[in-house]
Amino acid sequence: LRDIVNGFHAAQPLRRGIQKEELKSRAKLPGPPRLFDEALATAVAEGALVDDGQTVRLPDFAIALDATRRLLADRFLAALNAAPYAPPAPADYEIDGDTLGALIDRGEVVKVGEGVIYAPDSYAAIEREVLSLIDRDGSLTLAGFRDHFGTSRKYAQATLEYLDQRRVTRRVGDERVRFVGVGSAVRTGGTN
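Rules used in this analysis
Residues numbered from 1 in each chain as written. Predicted model: local features only at pLDDT ≥ 70, side-chain atom pairs only at ≥ 80, totals over all residues. Heavy atoms only, no water. Helix = DSSP H or I, 4+ residues; strand = E, 2+ residues; numbered from the N terminus. Buried < 20%, exposed > 50% of the residue type's maximum accessible area, 1.4 Å probe, protein only. Contact = heavy atoms within 4.5 Å. Pairing = 2+ DSSP bridges. Core = buried A, V, L, I, M, F, W, Y, C linked by side-chain atoms within 4.5 Å. Arc of directions from axis to C-beta. Expected span 1.5 Å × (residues − 1).

J.: Tell me about the side chain of Ser122, residues and numbers included.
T.: With respect to the helices, strands and loops of the structure, Ser122 is situated in helix H6 (residues 120-137). Look at Ser122 and you get buried, because its relative accessible area is 10%. Aside from chain neighbours lying at most four places away, what touches Ser122 is Asn81 and Pro84.

Here's what the structure looks like:
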């Protein structure tokens, strides 16, 4: 298993790890299907592999951008910080899908929707401010978000839908309210 994961990292240096199902398929372990699960659990327990849920990686593996990608990424990150509530699209800065995926996996950006990417600090500030607006006014509409942040409908809709997905907010008609689920604590701050 370790050799397969090592080979995957060599071939795909911009991806966090190999999909668990792909690893299982490549391993071709004989015997019952649970043999793979047991072998993976043993490798993880021994510190030979790390199970990240959907993917598996070597313990010492970290995504690293080559010099050209790093230069493009740094330009893109500067542009995100310059326009925190209406950030440019990755394609505007020659950021391809592999580089964008690496930036997401490294926690350098937050993807909230197709073509809507924020710097982590900007996203965290938006999340905090949305909750503050909801606390102040009882709810927040898409138009209210757009007007408050001085952004377009595209960013407002994608961001609000992402907040709903993450169970920060909940949509009720045309408004957003705080998400409060069974057994969940009320959120008070942003996360990445």
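Now, onward.
J.: Any chance you could break down the pairing of strand E7 (residues 169-172) for me, citing the residues and the numbers?
T.: Of the pairings in the sheet, the one linking E7 to strand E8 (residues 175-178) comprises four bridges and is antiparallel in character. Paired with Arg171 across the strands is Arg176, a residue of E8. Hairpin connection, E7 to E8: the antiparallel pair is bridged by two residues, and Gly173 has positive phi, about 65°.

J.: Describe in detail the nonpolar core, supporting the description with residues and values.
T.: Counting residues in hydrophobic clusters, the biggest one holds 26 residues, and the most contacted among them are Val5, Leu49, Val56, Phe76, Leu80 and Val109. No other element matches the five residues that helix H4 (residues 67-82) contributes to this core. Among residues more than four places away in sequence, those in contact with Phe76 are Pro88, Ala89, Pro90, Tyr93, Ile95, Leu103, Val109 and Ile117. In this structure, Tyr118, Phe145, Ala158 and Val168 belong to the second largest nonpolar core, which totals 21 residues.

J.: How would you sum up helix H7 (residues 142-149)? Please name residues and give values.
T.: What H7 keeps buried is the set Leu142, Phe145 and Phe149. Looking straight down H7, one finds its buried side chains confined to an arc of 60°; they lie on one side. Close packing links the buried residues of H7 with H6, strand E6 (140-141) and helix H8 (153-165). Positive phi appears at Gly150, one or two residues downstream of H7, with a value of about 60°.

J.: Go over unusual backbone geometry, please, and point to the residues and values.
T.: If you check the backbone angles, Lys28 has positive phi at about 50° while not being a glycine. Assignment of secondary structure puts Lys28 in the loop between helix H2 (20-27) and helix H3 (34-45). The exposure class assigned to Lys28 is exposed, which follows from its relative accessible area of 68%. Within the chain, Glu94 stands out as a residue other than glycine whose phi angle is a positive 60°. Along the chain, the position of Glu94 falls in the loop between H4 and helix H5 (97-105).

J.: An account of H3 is needed here, citing residue identities and associated values.
T.: With twelve residues, H3 extends 16 Å from end C-alpha to end C-alpha; this agrees with the ideal 16 Å at 1.5 Å per step. Check the buried side of H3 and you find it contacts H2, strand E2 (50-51) and strand E3 (55-57). Just past H3, the residue Gly47 takes up positive phi, approximately 80°.

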